[in-house]
Amino acid sequence: MTDSIMSKAATMEIPINSNGDSRTLGEDDGLEQARNVQWGPPGQRDLQQVMVSGPNLNETSIVSGGYGGTTEGIIPTSSIKDLRMKCKGVNVAPSQSAASRIASQSDDYPGIPGSSMHHSSSSSAMAEEATRGVAVEKFDMMKKWSMNTYKCTKQMISERFGRGSRTVDLELEAQIEVLRDTKRKYENVLRLARALTNHFYSMVQTQHALGDTFADLSQKSPELRDEFGYNAETQKLLCKNGETLLGAINFFVSSINTLVNKTMEDTLMTIKMYENARLEYDAYRADLEELNMGPRDAVTMARIDAAQQQYQVQKDKYERLRSDVTIKLKFLEENKVKVMHKQLLLFHNAISAYFAGNQQQLEQTLKQFNIKLKPPGDDKPSWLEEQ
């Protein structure tokens, strides 16, 4: 009889609709009827209690394996039922839907997609804010540069057409003009000294080749051995003295080049910065004067205050650079006199000693100015460097 009852309970029909719900109106009618049946033996009552107290279909759960073990990812079927009934048009007041539970769990566990979306959105917002700040800063810099360029261009055109006033320091302007004229003349001296060096180097090389030729002919012409020998010795001596003179001229050219293209050029760069500062100063001064001649309302007064601040900044810059130019011009003049005194004395003594044929005086001139000549084979790399 127990087997028949168990087979009856196992084959009991439980009506299930298309959405997995066991009924639409009453809950577990078949199970309630089975509970009201009077069972016989105690074993059969235990089976009845097991079947009656078994899990209800509405209380079953779907376990989702995740970060929280068996209890963290449980989604009750009642929540799925609520969502399904909403889709059918039935208003349901859910206590806490599965989506909200997943969202809350995703905040606690960064590995869940909801958390990554939250962090990515916050990081993208921070990146967008930083990009916007950089763009605003660049825009402000471009705006300031545009306004400054406009004012300076306007001032330059006004000066060229004689409509604008210009700040002039007569004494300083005269010194700057003298420096530029001196630089042009020294550049000409440098160009001629380099040409002399090139020509003299060619002559020394020719004398060296001619001396070797005379020496070879002296060996091959017994009847003219003495004559070729004398000329060979003379050309070798001239070649040696020429190389000594070349050392002195090269030192002269190097010193003039340093004076013209480094020392004077550095001072002229400072002068160029001073002239640009002067132009900006006059531009902001003219702008301030124009504002002071207009009406004195609230907007104009604010613009006058801003223009006054900019004018003061440009004035300080102009005066600082003017002081720098004055100091550099003074030191440049002292340095120029000192350098040229030494170099002109060297050039004169070396040229005079060479063309007078005074080899001892020529060598003494190089020692006097601490000029050391390179040995003939010093330019060639050693055998160790060639490896």
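Please refer to the structure higher up on the page.
Residues numbered from 1 in each chain as written. Predicted model: local features only at pLDDT ≥ 70, side-chain atom pairs only at ≥ 80, totals over all residues. Heavy atoms only, no water.

1. Details of the overall build of the protein
Of regular secondary structure, the protein possesses 12 helices and 2 strands. Of the regular secondary structure in the protein, the N- to C-terminal order runs α-α-α-β-α-β-α-α-α-α-α-α-α-α. Relative to its full complement of 387 residues, the protein shows a buried share of 26%. Long-range pairs, those at least 24 residues apart, make up 68% of the contacts in the protein between residues at least 6 apart in sequence. By element, 57% of the accessible surface of the protein is carried by carbon and sulfur atoms, the whole surface being about 26,900 Å². (Helix = DSSP H or I, 4+ residues; strand = E, 2+ residues; numbered from the N terminus. Buried < 20%, exposed > 50% of the residue type's maximum accessible area, 1.4 Å probe, protein only. Contact = heavy atoms within 4.5 Å. Areas by Shrake-Rupley, 256 points an atom, 1.4 Å probe, with all protein chains shown as cover.)

2. Focus on the environment of Thr 270
As for its placement among the helices and strands, Thr 270 is situated in helix 9 (residues 225–292). The exposure class assigned to Thr 270 is buried, which follows from its relative accessible area of 8%. A sequence separation of 59 residues divides Thr 270 from Leu 329, and the C-alpha atoms of the two residues are 10.0 Å apart. The contact partners of Thr 270, leaving out residues within four places of it in the chain, are Asp 324, Val 325 and Lys 328.

3. Overview of the nonpolar core
Nonpolar side chains in soluble globular proteins tend to be buried together. Counting residues in each nonpolar core, the largest one holds 43 residues, and the members touching the most others are Ile 176, Leu 179, Ile 271, Tyr 274, Val 325 and Leu 329. Contributing elements (two or more residues each) for this core: helix 8 (170–220), helix 9, helix 10 (298–355) and helix 11 (359–368). Looking at this core, the element that brings in the most residues is helix 9, giving 18 residues. (Core = buried A, V, L, I, M, F, W, Y, C linked by side-chain atoms within 4.5 Å.)

4. Notes on the packing of helix 10 against helix 11
Where helix 10 contacts helix 11, the two axes come as close as 8 Å, and the packing angle between them is 160°. For the element pair helix 10 / helix 11, the angle class is roughly antiparallel. Two packed elements cross with a definite hand, and for helix 10 against helix 11 that hand is left-handed. Residue-level inspection shows Leu 346, Asn 349, Ala 350, Ala 353 and Tyr 354 of helix 10 in contact with helix 11, the latter providing Gln 361, Leu 362, Thr 365 and Gln 368. Its residues placed into classes, the contact of helix 10 with helix 11 shows 5 nonpolar, 4 polar and no charged. (Axes fitted to C-alpha atoms, helices over the stretch in contact; angles between N-to-C directions. Parallel < 35°, antiparallel > 145°, perpendicular 65-115°, else oblique. Left-handed = near helix turned anticlockwise from the far one by under 90°. Nonpolar A, V, L, I, M, F, W, Y, C, P; charged D, E, K, R; others polar.)

5. Brief notes about the environment of Thr 153
Mapped onto the elements of the fold, Thr 153 is located in helix 7 (residues 113–160). We classify Thr 153 as partly exposed; its relative accessible area is 37%.

6. Remarks on unusual backbone geometry
In this model, Asn 370 sits at a positive phi of 55°, which is unusual for a non-glycine residue. By secondary structure assignment, the location of Asn 370 is in the loop between helix 11 and helix 12 (383–386).

7. A look at the packing of aromatic side chains
The full count for this structure, using the stated rule, is 7 aromatic pairs. Summarising the aromatic geometry, the rings of Tyr 281 and Tyr 318 are spaced 5.1 Å apart at their centres and angled 0° between planes, so their arrangement reads as stacked. With Tyr 281 in helix 9 and Tyr 318 in helix 10, the pair connects residues that are 37 residues apart, well separated along the chain. On the basis of relative accessibility, which here comes to 10%, the residue Tyr 281 falls in the buried class. Judged by relative accessible area, Tyr 318 falls into the buried class, the value being 3%. (Phe/Tyr/Trp six-rings, centres within 6.5 Å; stacked < 30°, edge-to-face > 60°.)

8. Notes on the environment of Ile 304
The residue Ile 304 is located in helix 10 in this model. With 14 residues separating them along the chain, Ile 304 and Glu 290 place their C-alpha atoms 9.6 Å apart. Residues contacting Ile 304, with those up to four places away along its chain left out, are Leu 288, Leu 291, Asn 292 and Arg 296.

9. Some points on the packing of helix 9 against helix 10
Where helix 9 contacts helix 10, the axes come no closer than 7 Å and their chain directions differ by 165°. With respect to helix 10, the element helix 9 is oriented roughly antiparallel. Of the two elements, helix 9 crosses helix 10, and the hand of that crossing is left-handed. Looking at the contact of helix 9 with helix 10, its residues break down into 32 nonpolar, 13 polar and 12 charged.

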